Amino acid sequence: MHSANSTAFADDVRLSFVASLYQQRGTLFAGMIAHVVATCAIYFRIDDPFYLYAGLGLFAIWALRNLDMLTFDRLDKANFKLTDTLRWERRYVVGALVTCSILGTTCGYALVVTQDAFAELVSVAVTLASMISVVGRNFGSKLNVDMIVLAACLPIMGGLLMARDPYMSLMAVLLLPMFLTTRSMANGVRDFLFNSVTAERQTSEIAERFDTALNNMSHGLLMLDGNGRIEVANRKAREFFHTNPEVDFTGHTLMATLRLGSRNGLIAQEYIAEINEHLVDLMMGREQRALVRTDTKTWLEFSARRRGGKGVVLTFEDVSARIESEKRILQLARFDNLTGLPNRSWFKEVVAKKMARARSVQNVALAVLDIDDFKHVNDTMGHVSGDKLLSAVSARLRSMSRQKLVVSRFGGDEFVLFMPDIIDEADLAEKMNHVLDTLCGTYVIDRHKLFINFSAGVAMSPVVDAQIEDMHIQADLALYESKRHDKENWFLFEQEMDQEYNRRQRLKTDLRDAIQSQSLTLAYQPIFNPEGTRIAGAEALSRWTHPDFGPVSPAVYIALAEEMGIVGELTRSVIGQALQTCATWPMEMFVSVNLSAHDLGDRAIVSVVSDALAENGLAPERLQIEVTEGGLMKDLSTARTVLSELRDMGMAIAIDDFGTGYSSLSYLDMLPLNKVKIDRSFVSNLTEDARKLKLLRGVVNLSRELGLDIIVEGVETEAQLTLIRDNNCADLIQGYIFGAPMPESSFAELAKRLSKSNGSVHKLAFRARA
């Protein structure tokens, strides 16, 4: 226990003790009456004025102390500091000390001076009674106790000793233990009360802190006794059950509390029994945590801590937001954000479960669907409209998910369908035709009507042999085969598709190596004047002979290069080789190379051409650039800029395969052209169809009106050549009539022989072709 003198003596406790000194002024008044009456009685008995003056002094001291107490009452104790408390303690001690000093003096005076038995008895009795009052009234101040005891004891003991009587001296000595005991009792009362007050205040503070912590918990708390009745419920619990603060949960059972929540509309009636069952399991220790649903939107999570045989503490929190977040996270993890269809990972999980439940005799199928020309939708209407189209397609797919189909979007415009129960190929065909009939058709996007078609590839397998990853690869191969044809259809995977796929992958790998190692060669097809007397130049054509597959068609490997994004490297290789070879030809001969759509969309091709010319010391006039209409459609503006820069450098620009596209005539005006290469379709059947000749002459006349030179391609017979020359339809001729594409060495030999023929060049050239 603490002592009242310890440093733990709180200021406010000390103030309360000092304040106790200034209270109960009735006892102080009664003491004053006793003191005055006693002194007056002695005065009237022995007629000694000393006692009359003592009585008046005691009355005067009481009056001053009473005024001082009234002043103390009017003070605001809330602002008291320790110095204020000590000052008022000392003021009280002064009044008590003076009072006891007068009383002690009257005792000493009676024992020494008057020596009257009545005076001695009365004065000693009143003084000792006043001194003993410190135990009941004046214990609040240790200083006050000490002063009262000293002021009362010392005069009496002094008077007894001054009587020079051994018995009186013995009484003086015996008074000392009584005085010390009285002092000890007063201090003991003070220390006891101090500890009581301190303990009470500490308990109050602890209770306040506990109550604050309990009621500011983010969790609700219910403390139940061993009989399952509520002992404590915090504010969060009350708020959840929507009860008034005045409602006391104490003594109620948990079921009664749940019914209260149901009456207040917080717990659906149909969930009460289930909630109670979970909570009973929780309180019995059969569950660690319980997640319960109180209505369609609210979830509570309960946990329990047992208190031995004294009951259990239940804590709970509203986890509705967390459950909703987990649902959203699960939605994002399992479903495509744009379309709401299952994504790749969730699709695989669902399919795996369906395959695990499937009968061993079942067949399963996996289809990969692709929107035809979806890129065109994005390019012309924007990606927002493209996303809306994907969402509309997904809505139609979801309508088919009720037919035991598992549908998914893997990304882009690729959709995947899993069909878990396929009887045979005829059943598969019926289902796939139904799928395409449902998906293909008109979609209204941003008030625009779009007619959308799909291509699809399908893989089918017995369920016992099915591997989803392998089936997906096979379906992709079948989809590729579908797109190679007329689209708008579907193909079932066949083993030959796998072989073709492996061949294409091998070609891709080897093509990259061939371009980097300069293993591709060039063939040159001569371009003659119409009379066949002079080689004006040659078109450089890329050739690739694969070490295992033999000669590979340019239509195949150029398409592969575009698919792989290395067509620019192929172009640089062709330009470098062609210019290096042209530098060995006579000065009047040119070489012609083709630029792809990728080349025309990148202005870096200008630097590539310029550097190659400088490296081989070749004049720009000896290089002819050929472009096709297909290469111009991707980015006409950039293509026009590139071609203008190349022409300004001195190169000739020719449009190749003229007449096969939709906008050929408009290109003649928009592009910086020098030449037109008329497609072989104008020349075939030229001698049998008079309309072909009229059409050819019309195109030639129009081109010449625009100041363009004419190169006619595909001339193969003498009759075609004669007709073209007679009608003056060509400035230059390219075709098998003069020579097929040939190696550089053969072209150089042909040019050499023609230079020595002196007038019989046409015949030599024709023999060279043969």
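Each value, and the rule that gives it
Residues numbered from 1 in each chain as written. Predicted model: local features only at pLDDT ≥ 70, side-chain atom pairs only at ≥ 80, totals over all residues. Heavy atoms only, no water. Helix = DSSP H or I, 4+ residues; strand = E, 2+ residues; numbered from the N terminus. Buried < 20%, exposed > 50% of the residue type's maximum accessible area, 1.4 Å probe, protein only. Contact = heavy atoms within 4.5 Å. Areas by Shrake-Rupley, 256 points an atom, 1.4 Å probe, with all protein chains shown as cover. Lys, Arg positive; Asp, Glu negative; His and termini not counted. Charge placed at Lys NZ, Arg CZ, Asp CG, Glu CD. Pairing = 2+ DSSP bridges. Axes fitted to C-alpha atoms, helices over the stretch in contact; angles between N-to-C directions. Expected span 1.5 Å × (residues − 1). pLDDT = per-residue confidence, 0-100. Parallel < 35°, antiparallel > 145°, perpendicular 65-115°, else oblique. Patch = residues over 30% accessible without salt bridge, like charges linked within 9 Å, V, L, I, M, F, W, Y side chains within 5 Å. Salt bridge = Lys/Arg side-chain N within 4 Å of Asp/Glu carboxyl O. Nonpolar A, V, L, I, M, F, W, Y, C, P; charged D, E, K, R; others polar.

### Focus: the overall build of the protein chain
At step 1: Looking only at helices and strands, the protein chain features 28 helices and 22 strands.
At step 2: Principal-axis analysis of the C-alpha atoms gives the protein chain an extent of 185 × 70 × 50 Å.
At step 3: Residues classed as buried in the protein chain amount to 45% of the 770 residues present.
At step 4: Of the contacts made within the protein chain by residues no fewer than 6 positions apart, 63% connect residues no fewer than 24 positions apart.
At step 5: Carbon and sulfur atoms form 54% of the exposed surface of the protein chain, whose accessible area is close to 39300 Å².
At step 6: Of the charged side chains in the protein chain, 82 are positive and 95 negative; the average position of the first set lies 5 Å away from that of the second.

### What to know about unusual backbone geometry
In most cases, non-glycine residues show a negative phi, while peptide bonds are predominantly trans.
At step 1: The backbone phi angle of Asp 657 is positive, close to 55 degrees, even though this residue is not glycine.
At step 2: By the secondary structure assignment, Asp 657 is in strand E18 (residues 652–658).
At step 3: On the accessibility criterion, Asp 657 (29% relative accessible area) is partly exposed.

### Points about the sheet that holds strand E7 (residues 406–411)
Strand pairing in a sheet is mediated by backbone hydrogen bonds. Such pairs are either parallel or antiparallel.
At step 1: Spatial ordering of the open sheet is given by E7-E8-E6-E11-E12, a layout of five strands whose pairing is mixed. Of all strands in the sheet, those bounded by a partner on one side alone are E7 and strand E12 (490–492). Mean inter-strand twist for the sheet, computed between neighbouring axes without regard to direction, equals 20 degrees.
At step 2: Examined bridge by bridge, strand E6 (residues 363–371) and strand E11 (residues 454–462) share nine bridges and lie antiparallel to one another. When the sheet's bridge partners are listed, Asn 363 is paired in E11 with Pro 462.
At step 3: Along the sheet, helix H14 (residues 383–400) contacts E6, E7, strand E8 (414–422) and E11; its crossing angle with E8, the most-contacted strand, is approximately 5 degrees.

### Some points on helix H3 (residues 49–74)
At step 1: With 26 residues, H3 extends 38 Å between its outermost C-alpha atoms, agreeing within 8% with the 38 Å of an ideal straight helix rising 1.5 Å per residue.
At step 2: Looking at H3, one finds that the buried residues are Tyr 51, Ala 54, Gly 55, Leu 58, Ile 61, Trp 62, Arg 65, Asp 68, Met 69 and Phe 72.

### Some remarks on the environment of Met 162
At step 1: You can see Met 162 is positioned in helix H6 (residues 142–162).
At step 2: In sequence terms Met 162 and Arg 691 are 529 residues apart; their C-alpha atoms lie 167 Å from each other.

### Overview of the sheet that holds strand E3 (residues 289–293)
At step 1: The strand order across the open sheet built from five strands is E2-E1-E5-E4-E3, with neighbouring strands paired in antiparallel fashion. Each of the sheet's edge strands pairs with one partner strand only, and the pair in question is strand E2 (230–233) and E3. For this sheet, the mean inter-axis angle between neighbouring strands, taken without regard to orientation, is 25 degrees.
At step 2: Relative to the sheet, helix H10 (residues 272–283) contacts strand E1 (220–224), E3, strand E4 (299–306) and strand E5 (312–318), its axis offset from that of E3 by approximately 170 degrees.

### Observations regarding the confidence of the model for the protein chain
At step 1: Residue-level pLDDT values for the protein chain average 82, and 90% of them are 70 or greater.
At step 2: Throughout residues 1–9 the model reports pLDDT below 50, and contacts reaching past four residues in sequence, or to other chains, amount to 16 contacts.
At step 3: With pLDDT under 50 throughout, residues 763–770 is counted as low confidence; its partners more than four residues away or in other chains account for 15 contacts.

### As for the pairing of E2
At step 1: Here E1 pairs with E2 via three bridges, running antiparallel. Across the sheet, residue Met 223 finds its bridge partner in E2, namely Val 232.
At step 2: Connecting the antiparallel pair E1 and E2 is a turn made up of five residues, with Gly 228 showing a positive phi of about 80 degrees.

### Points about the packing of helix H2 (residues 25–46) against H3
At step 1: Look at H2 against H3: their axes get within 7 Å of each other, and the N-to-C directions meet at 170 degrees. Classified by the angle between their axes, H2 and H3 sit roughly antiparallel to one another.

### Considering the side chain of Thr 99
At step 1: As for its placement among the helices and strands, Thr 99 is situated in helix H4 (residues 82–114).
At step 2: With relative accessibility at 11%, the residue Thr 99 sits in the buried group.
At step 3: Among residues more than four places away in sequence, those in contact with Thr 99 are His 35, Leu 58, Ile 61 and Arg 65.

### Concerning a nonpolar patch on the surface
At step 1: A cluster of nonpolar side chains, Phe 29, Ile 33 and Val 37, forms an exposed patch at the surface whose accessible area comes to about 260 Å².
At step 2: Residue placement: Phe 29 occurs in helix H2.
At step 3: What makes Phe 29 partly exposed here is its relative accessible area of 41%.

### Remarks on the side chain of Asp 427
At step 1: Its location among the elements puts Asp 427 in helix H15 (residues 425–439).
At step 2: Under the relative-accessibility criterion, Asp 427 is labelled buried at 11%.
At step 3: Every residue in contact with Asp 427, bar those within four places of it in the chain, is listed here: Asp 421 and Ile 422.

### A look at the packing of H3 against H4
At step 1: Relative to each other, H3 and H4 sit at 170 degrees, their axes nearing to 10 Å. What the angle tells us is that H3 and H4 run roughly antiparallel.
At step 2: The residue inventory of the contact of H3 with H4, partitioned by class, reads 15 nonpolar, seven polar and three charged.

### A closer look at the pattern of salt bridges
At step 1: Tallied over the full model, the rule gives 20 salt bridges.
At step 2: Note that Lys 375 is salt-bridged to Asp 379, the shortest N-O span being 2.7 Å. With Lys 375 and Asp 379 both in helix H13 (residues 374–381) and four residues apart, the pair spans about one turn of that helix.
At step 3: The closest approach of N and O atoms between Glu 645 and Arg 603, which form a salt bridge, is 2.5 Å. Of this pair, Glu 645 sits in helix H23 (residues 636–648) while Arg 603 sits in the loop between helix H20 (597–600) and helix H21 (604–616), and the two are 42 residues apart along the sequence.

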